[in-house]
Amino acid sequence: MSAKIVQNMLKSASFNRLYMSQIRSKATLPSLKFEYKDLEPIISRDIMEIHHQKHHNTYVVNYNNTLDKLQTAVAKDDTATIISLSPALKFNGGGHINHSIFWDTLTPHSTKPSDDLNKALIQNFGSCDEFKKQLAAASIAVQGSGWGWLGFNPQTKKLAVISCANQDPLFPTTGLIPLFGIDVWEHAYYLQYKNVRADYVNAIFEVVDWEAVSKRFSEASI
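All values reported here derive from a predicted model rather than from experimental measurement.

**Student:** It is not clear to me how the UniProt feature "binding site: Mn(2+)" (unreviewed entry) in the protein should be interpreted in this structure. Could you clarify?
**Tutor:** Under the local residue numbering, the UniProt record ascribes the feature "binding site: Mn(2+)" (unreviewed entry) to His51, His99, Asp183 and His187. A maximum C-alpha distance of 12.3 Å among these annotated residues, which run over 137 residues, shows that they cluster at one spot. Locating histidine 99 in the fold gives a position in helix α5 (residues 86–104). Taking the relative accessible area as the measure of exposure, histidine 99 reaches 0% and is therefore buried. Non-local contacts of histidine 99, meaning those with residues more than four positions away in its chain, are made with His51, His56, Tyr59, Trp147, Gln167, Asp183 and His187. Looking at where histidine 187 falls in the secondary structure, it is placed in the loop between β3 (177–183) and α9 (190–193). Accessibility expressed as a relative area gives 18% for histidine 187, which makes it buried. Once residues lying within four places of it in the same chain are set aside, the contact partners of histidine 187 are Ile47, His51, His55, Tyr59 and His99. Looking at histidine 187, its side chain comes within polar contact range of the side chain of histidine 51, at 3.3 Å.

**Student:** Before we go on, may I ask you to explain the confidence of the model for the protein in this structure?
**Tutor:** Fine structural detail should not be taken from predicted coordinates in areas where pLDDT scores are low. Scored by pLDDT, the protein has a mean of 91; 89% of the residues are at 70 or more. Low pLDDT, under 50, characterises residues 9–23; the stretch is placed with 23 contacts to residues that sit more than four places away or in other chains.

**Student:** Which parts of the structure should I look at to understand the pattern of salt bridges?
**Tutor:** Side chains that differ in sign of charge can pair as their charged atoms come close. Applying the stated criterion across every chain, the model contains six salt bridges. Residues arginine 45 and glutamate 49 are paired through a salt bridge, measuring 2.5 Å at the closest nitrogen-oxygen approach. In this pair, arginine 45 and glutamate 49 both sit in helix α3 (residues 45–75), four residues apart, roughly one turn of the helix. Glutamate 49 sits in the partly exposed class, given a relative accessible area of 24%.

**Student:** Looking at this structure, I do not really get the pairing of strand β1 (residues 146–153). What am I missing?
**Tutor:** If a strand is regular, its side chains alternate between the two faces of the sheet. With seven of eight residues buried, β1 is to be regarded as a mostly interior element. Here β1 hands over to strand β2 (residues 158–165) after four residues, with lysine 157 in that stretch at a positive phi of 65°. Bridge count between β1 and β3: six bridges; the pairing is antiparallel. Opposite tryptophan 149, over in β3, you have glycine 181 as the bridge partner.

**Student:** When you look at helix α6 (residues 115–125) in this model, what are you seeing that I'm missing?
**Tutor:** Owing to its 3.6 residues per turn, the α-helix brings residues three or four apart onto one side. Every buried residue of α6 is accounted for by Leu117, Ala120, Leu121 and Phe125. All buried residues of α6 fall inside an arc of 105° around its axis, so they share one side. Turned more than 90 degrees away from the buried face of α6 sit Asp115, Asp116, Lys119 and Gln123, all of them exposed. Positive backbone phi, approximately 100°, marks glycine 126, located one or two places after α6.

**Student:** Explanation requested: the environment of leucine 150 in the structure shown.
**Tutor:** For leucine 150, the position within the fold is in strand β1. The class for leucine 150 is buried, based on a relative accessible area of 0%. Here the alpha-carbon distance between leucine 150 and phenylalanine 131, two residues 19 residues apart in the chain, equals 8.9 Å. Contact partners of leucine 150, with chain neighbours within four places excluded, come to Leu121, Phe125, Phe131, Leu135, Leu159, Ala160, Ile177, Pro178, Leu179 and Phe180.

Cut-offs used in this document
- Residues numbered from 1 in each chain as written.
- Predicted model: local features only at pLDDT ≥ 70, side-chain atom pairs only at ≥ 80, totals over all residues.
- Heavy atoms only, no water.
- UniProt positions renumbered as here; feature names shortened; annotations may be inferred.
- Helix = DSSP H or I, 4+ residues; strand = E, 2+ residues; numbered from the N terminus.
- Buried < 20%, exposed > 50% of the residue type's maximum accessible area, 1.4 Å probe, protein only.
- Contact = heavy atoms within 4.5 Å.
- Polar contact = N/O pair within 3.5 Å; in protein donor to acceptor, adjacent residues only side chain to side chain.
- pLDDT = per-residue confidence, 0-100.
- Salt bridge = Lys/Arg side-chain N within 4 Å of Asp/Glu carboxyl O.
- Pairing = 2+ DSSP bridges.
- Arc of directions from axis to C-beta.

The following block contains the structure:
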């Protein structure tokens, strides 16, 4: 009975195989492919260290604790507890998924979109610059905390710009495969940019790893 409830919870969230595997196993804090100081002056060392070691790690710890509680509840056939854990599972699991994508798509090196991604950006937005304007606008406009995303629609094969609240993961929330996201929680920028979110959002394009974004686009397009 309880196992079926868990399965239905996951199905209702539209998890693909990637998210299903993450939701069923313990999360670990991913290592970065660069040093904390390497994204300066766009993102300061202090922000990177606190964001990665404190904020992301908190999502990992809380997610794993929630997963332990869920497994215990399933073993006890405790339906009420299983259902009550859904928000924490979504919030902390989403926080881990979102941040893992975020780190992977940042770099201190100069990169460019692949020809295929560049072509898709032009087809869907008119130009790469217009795409950046739309993603920046969507990210800046988030009320409270959340993310601005470039996503790929596997049904229409088109790119889309969209925002999600809090730590809602893009794919389970919208059906779009995440290619690149901008974290607009205050912990991502306040220490350096204060309350001027727009300055942070517009600056972050300087450290986007377009090779990583292009790879995600290629994999999503298959």
